[in-house]
Amino acid sequence: MNIPYTVEERPDTGLTNGKLGIWLFLASEVMLFGALFSTYILLRVGAIEWPHHELNVPLGAINTVLLISSSVTMVMAWATLKMNQWGKHRLYLLVTVILAVVFLVNKYFEYAEHLAKGEGPWHNTFLAIYFTMTGLHGLHIIGGVIVMLYFLGPGAKLWKSNPEQFANRIEYTGLYWHFVDLVWIFLFPVLYLL
Amino acid sequence: MHSDPAEIQKNVRKYMMIGASLLVFTVITVAASYLNLAVPAAITVALIIATMKGSMVASVFMHLNHERQWIYGALLLTVLFFIVLIFIPLFTVQDGISVGIPWSH
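The rules behind these values
Residues numbered from 1 in each chain as written. Chains lettered and ligands numbered in written order. Predicted model: local features only at pLDDT ≥ 70, side-chain atom pairs only at ≥ 80, totals over all residues. Axes fitted to C-alpha atoms, helices over the stretch in contact; angles between N-to-C directions. Helix = DSSP H or I, 4+ residues; strand = E, 2+ residues; numbered from the N terminus. Parallel < 35°, antiparallel > 145°, perpendicular 65-115°, else oblique. Contact = placed C-beta atoms within 7 Å. Nonpolar A, V, L, I, M, F, W, Y, C, P; charged D, E, K, R; others polar. Left-handed = near helix turned anticlockwise from the far one by under 90°. Buried ≥ 20, exposed ≤ 12 C-beta atoms within 10 Å, placed from the backbone.

(A) Fine view of the packing of helix 2 (residues 57–82) of chain A against helix 1 (residues 5–33) of chain B. Running from N to C, helix 2 of chain A and helix 1 of chain B cross one another at 175°; their axes reach a closest spacing of 10 Å. On the basis of their axis angle, the class for helix 2 of chain A and helix 1 of chain B is roughly antiparallel. On helix 1 of chain B, the residues touching Val57, Ala61, Thr64, Val65, Ile68, Ser69, Val72, Val75, Met76, Ala79 and Lys82 of chain A of helix 2 of chain A are Pro5, Ile8, Asn11, Val12, Tyr15, Met16, Gly19, Leu22, Leu23, Thr26 and Val30 of chain B. Taken together, the residues that form the contact of helix 2 of chain A with helix 1 of chain B break down as 16 nonpolar, 5 polar and 1 charged.

And the structure:
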């Protein structure tokens, strides 16, 4: 049985089911991260003192550049696919994965530096919320990498049988990826700079 | 959103421009954090820049500048609930237990 409205738009919503689905998922993600940002505000307002520039700002800034660049390559992966440039699409998607992996490697070194000094999430309130928020964000990065690797590997077969559906799947992956970038755009100043 | 290859070709330049703008704003955010502004001013500046960057990602990369009504409707509801969620901590100001108001017997 074929799944309906994967390529053609539903007459009532004007959207494919996948498009509406990914946006509803992202809406739930907004609430998930929103709860953590709300927690951050509560903890910070209630704190007598709050560390300033405690984290490695250059490393955080480099990670911001990496994620923004990966958002550009992700949107280019979709755009080249729509322009029927299969080779370029693969290249852009691969670069997106590489940028994401470098982000995670940086994060690993950052975590390792803190943990080596005994500064885990148990150390103080700031590090507790830092590890929670960046840890959850890191899990989202890992999830995105797994999905992109799937589309670079076995998932790529769909391009030959149903190119429109494949392009839609890349678009939904892109929407998720840009959301992950968007969360980091707020996490970086909130945790590293303020 | 656009699905015409010619239209997408035109947007490629826009994607690159937005990417470059996001990088410039990142540099400005970091530079502003070293200006030793008062905490309220520093928070305001950082959040204004982050909101501008977020808007660019959402409107151009996520194509929210030309989406269907159903998506705008879902996002409007999300924004409303998000605002409630963010302001929930304000209610703790009226929390009598945490500020040491004695229990009545």
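(B) How the structure looks around the packing of helix 3 (residues 86–116) of chain A against helix 4 (residues 125–152) of chain A. All names here are of chain A. At a closest axis distance of 10 Å, the pairing of helix 3 and helix 4 adopts a crossing angle of 155°. Considering their axes alone, helix 3 and helix 4 lie roughly antiparallel with respect to each other. As helix 3 runs across helix 4, the sense of the crossing is left-handed. Seen from helix 3, the contacting residues are Arg90, Leu93, Leu94, Thr96, Val97, Ala100, Val101, Phe103, Leu104, Lys107 and His114; seen from helix 4, they are Leu127, Thr134, Gly138, Ile141, Gly144, Val145, Met148, Leu149, Phe151 and Leu152.

(C) Up close: the environment of threonine 39 of chain A. Residues and elements named next belong to chain A. You can see threonine 39 is positioned in helix 1 (residues 17–46). Exposure remark for threonine 39: the 17 C-beta atoms within 10 Å place this residue in the partly exposed category. The sequence separation of threonine 39 and isoleucine 129 amounts to 90 residues, and the corresponding C-alpha distance is 8.1 Å.

(D) Geometry of the interface of chain B and chain A. Across the boundary between the two partners, chain B contributes 38 residues, which contact 39 residues of chain A. Every element with two or more residues in the side of chain B that touches chain A is listed here: helix 1, helix 2 (39–61) and helix 3 (69–87) of chain B. Here the residues of the side of chain B that touches chain A sort into 26 nonpolar, 10 polar and 2 charged.

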